[in-house]
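# Summary of structural features
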Amino acid sequence: MASVKDMPILQDGPPPGGFPPVRYARRIPNKGPSAMAIFLAAFGAFSYGMYQVGQGNKIRRALKEEKYAARRAILPVLQAEEDERFVKEWKKYLEYEAEVMKDVPGWKVGENVYNSGKWMPPATGELRPDVW
């Protein structure tokens with residue numbers, strides 16, 4: 001065999017007709033929905049959600065009105081019970097006041113000391129020792 005130096009020199013070169021053109025531009029494939037489709041889908045989801053919120057508000061408003069109607073219906077009964085309790089406690093209070101102030105000349109039991117001309121119930125809790 002001959003030496004490497006004796007072999008013919010072969011140099012690589014382009015193929016006949018040249019190389020094909022190199023693709024250097026960005027070619028993004030058109031996969032998935034368009035921007036308009038995404039926008040419309042988001043808008044539709046938002047609109048449906050707001051519709052559901054509105055329906056929930058209607059139901060909640062109806063339940064609230066029902067609760068207030070029930071409270072308005074039983075209010076006279078509760079007020080009558082409280083008035084009855086108040087009259088009993090007020091009588092006890094007047095008896096106690098008469099007992100305590102029996103030695104004070106000119107004292108009138110149950111008379112308002114403020115002389116405002118208006119009847120006002122006692123301060124909250126004054127006749128409610130169970131609440132103290």
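Residues numbered from 1 in each chain as written. Predicted model: local features only at pLDDT ≥ 70, side-chain atom pairs only at ≥ 80, totals over all residues. Heavy atoms only, no water.

For the protein, an unreviewed UniProt entry supplies the name NADH dehydrogenase [ubiquinone] 1 alpha subcomplex subunit 13 and the organism Hevea brasiliensis. Quoted verbatim from the Function (unreviewed entry) field of UniProt, the annotation for the protein is "Complex I functions in the transfer of electrons from NADH to the respiratory chain. Accessory subunit of the mitochondrial membrane respiratory chain NADH dehydrogenase (Complex I), that is believed not to be involved in catalysis." (UniProt positions renumbered as here; feature names shortened; annotations may be inferred.)

Attention now goes to helix α1 (residues 35–100). One full turn of an α-helix is made of 3.6 residues, so residues set three or four places apart face in the same direction. The sharpest bend along α1 comes to roughly 40°, located at Ile 74, with the proline Pro 76 sitting one to four residues further on. Listing the buried residues of α1 in full gives Phe 86, Glu 89 and Glu 97. (Bend = angle between axes of the 7 residues up to and from the residue. Helix = DSSP H or I, 4+ residues; strand = E, 2+ residues; numbered from the N terminus. Buried < 20%, exposed > 50% of the residue type's maximum accessible area, 1.4 Å probe, protein only.)

We now examine the packing of aromatic side chains. Applying the stated criterion across every chain yields a total of three aromatic pairs. Consider the rings of Phe 86 and Trp 90, whose centres lie 5.8 Å apart with planes at 15°: the pair is stacked. Linking Phe 86 with Trp 90, this pair stays in helix α1, spanning four residues, or about one helical turn. Taking relative accessible area as the criterion, Phe 86 reaches 19% and is therefore assigned buried. A connected cluster of aromatic rings, assembled from ring pairs, spans Phe 86, Trp 90 and Tyr 93. (Phe/Tyr/Trp six-rings, centres within 6.5 Å; stacked < 30°, edge-to-face > 60°.)

Let's shift gears to the side chain of Glu 97. Positionally, Glu 97 belongs in helix α1. Buried within the structure, Glu 97 lacks any salt-bridge partner; its nearest side chain of opposite charge belongs to Lys 108, at an N-O separation of 12 Å. (Lys, Arg positive; Asp, Glu negative; His and termini not counted. Salt bridge = Lys/Arg side-chain N within 4 Å of Asp/Glu carboxyl O.)

Let's shift gears to the UniProt feature "transmembrane region" (unreviewed entry) in the protein. UniProt feature "transmembrane region" (unreviewed entry): in the numbering of this structure it lies at residues 34–51. Measuring from the first to the last C-alpha atom of residues 34–51 gives 26 Å, for a span that is 94% helix and 0% strand.

A few words on a nonpolar patch on the surface. A surface patch of nonpolar side chains, amounting to about 510 Å² of accessible area, comprises Val 104, Trp 107, Val 109, Val 113 and Tyr 114. Among the structural elements, Val 109 can be located in the segment after α1. (Patch = residues over 30% accessible without salt bridge, like charges linked within 9 Å, V, L, I, M, F, W, Y side chains within 5 Å. Areas by Shrake-Rupley, 256 points an atom, 1.4 Å probe, with all protein chains shown as cover.)

On inspection of all chains with the given rule, the structure shows six salt bridges. A salt bridge links Lys 92 to Glu 89; the shortest N-O distance between them is 3.5 Å. Within this pair, Lys 92 and its partner Glu 89 are both found in helix α1, separated by three residues, close to a single helical turn. Lys 92 sits in the exposed class, given a relative accessible area of 51%. A salt bridge links Glu 111 to Lys 108, with the shortest nitrogen-to-oxygen separation between them at 3.9 Å. Classification of Lys 108 by relative accessible area gives exposed; the value is 54%.

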